[in-house]
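Analysis of the macromolecular model
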Amino acid sequence: MQHYTARPVPPAALKDLRTTDDAGRVPAPFTDGEGGAPLRCCLRRSRPGERIALVSYAPLRRWATRTGAHPGAYDEQGPVFVHAEECARPEADGLPFTGAHRVLRRYSGDGHILGGRLVEDPDGFAPALQEAFDDPAVAFVHVRAVEYGCFLYEVRRD
């Protein structure tokens, strides 16, 4: 079985998002009093007292700009939590945020959705990713929260 690594929001995108998010809004950082927000910058949960921001992020749009792809109507933007200031990258590789139902959404090289799969058990992530990447048309997979559809991270072939 292949090993897969979650990819956080890239550093250049984070720098932009901390100034103006992908919806054109200036972020409003706040002190997280409770902790537990899934941070897309370092792929861990926030800790009480950390400064974070909820920003709008369009991962396909940013990817399409870099690659020349045309995702068309599949271009989405949605809310993600990030640290308000630059932070350390993920401390470990692997797949975070697997303790709840997730959707693995498959995308082609032009950014079109090729399908998706609900993963209800943390042990189901590796087989679902293997199944996705067994299809040569799949360029990458987005892991998303079921409840709100929020982007959590991207996975590509190693």
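To start, this report covers the structure provided alongside it. Since the structure is predicted, the reported quantities are computational estimates derived from the model, not experimental observations.

Conventions used here
Residues numbered from 1 in each chain as written. Predicted model: local features only at pLDDT ≥ 70, side-chain atom pairs only at ≥ 80, totals over all residues. Heavy atoms only, no water. Helix = DSSP H or I, 4+ residues; strand = E, 2+ residues; numbered from the N terminus. Contact = heavy atoms within 4.5 Å. Areas by Shrake-Rupley, 256 points an atom, 1.4 Å probe, with all protein chains shown as cover. Lys, Arg positive; Asp, Glu negative; His and termini not counted. Charge placed at Lys NZ, Arg CZ, Asp CG, Glu CD. Pairing = 2+ DSSP bridges. Axes fitted to C-alpha atoms, helices over the stretch in contact; angles between N-to-C directions. Core = buried A, V, L, I, M, F, W, Y, C linked by side-chain atoms within 4.5 Å. Buried < 20%, exposed > 50% of the residue type's maximum accessible area, 1.4 Å probe, protein only.

So, about the overall build of the protein. Summing up its helical and strand segments, the protein has three helices and ten strands in all. With respect to the three principal axes, the spread of C-alpha positions in the protein is 40 × 35 × 25 Å. A sequence separation of at least 24 residues applies to 63% of the contacts in the protein between residues at least 6 apart. A total of about 8000 Å² of accessible surface is found on the protein, and carbon and sulfur atoms cover 51% of it. In the protein, which carries 20 positive and 22 negative side-chain charges, the distance between the mean positions of the two groups comes to 4 Å.

Next up on the list: the sheet that holds strand 8 (residues 113-119). Ordered by their spatial adjacency, five strands build an open sheet running 1-10-9-7-8, and the pairing between neighbours is antiparallel. Both outer strands of the open sheet, strand 1 (6-7) and strand 8, are each paired with one neighbouring strand and no more. As defined by bridge partners, strand 9 (residues 140-145) adjoins strand 10 (residues 151-155) across four bridges and the pair is classed as antiparallel. Note on strand 10: the bridge partner recorded for Val141 is Val155. Its contacts with the sheet place helix 2 (residues 59-67) against strand 7 (102-107), strand 9 and strand 10, and it is angled at close to 160° to strand 9. Running at roughly 15° to strand 7, helix 3 (residues 125-133) makes contact with strand 7, strand 8, strand 9 and strand 10 of the sheet.

Counting residues in hydrophobic clusters, the biggest one holds 18 residues, and the most contacted among them are Leu104, Leu129, Phe133, Val141, Val143, Tyr153 and Val155. For this core, the elements supplying multiple residues, two or more each, are helix 3, strand 9 and strand 10. Among the elements that take part in this core, helix 3 stands out by supplying five residues, more than any other. Excluding residues within four positions of it along the chain, Phe133 makes contact with Tyr4, Val138, Ala139, Phe140, Val141, Val155, Arg156 and Arg157. Core analysis: the next-biggest nonpolar cluster, separate from the first, contains 15 residues, Leu17, Leu39, Val82 and Phe151 among them.

Another point: helix 2. Spacing of three or four residues puts side chains on the same side of an α-helix, whose turn is 3.6 residues. Of all the positions in helix 2, only Pro59, Leu60, Arg62, Trp63 and Ala64 are classed as buried. Once helix 2 finishes, Gly68 follows within two positions and takes phi at roughly 85°, a positive value.

Glancing now at the pairing of strand 9. Within strand 9, six of the six residues are buried, leaving the element largely enclosed by the surrounding structure. Inspection of the sheet shows strand 7 paired to strand 9 by six bridges, in the antiparallel sense. In the sheet register, Arg102 faces strand 9, and the bridge partner there is Ala145. Connecting strand 9 to the next strand, strand 10, in antiparallel fashion are five residues, including Gly149 with a positive phi near 80°.

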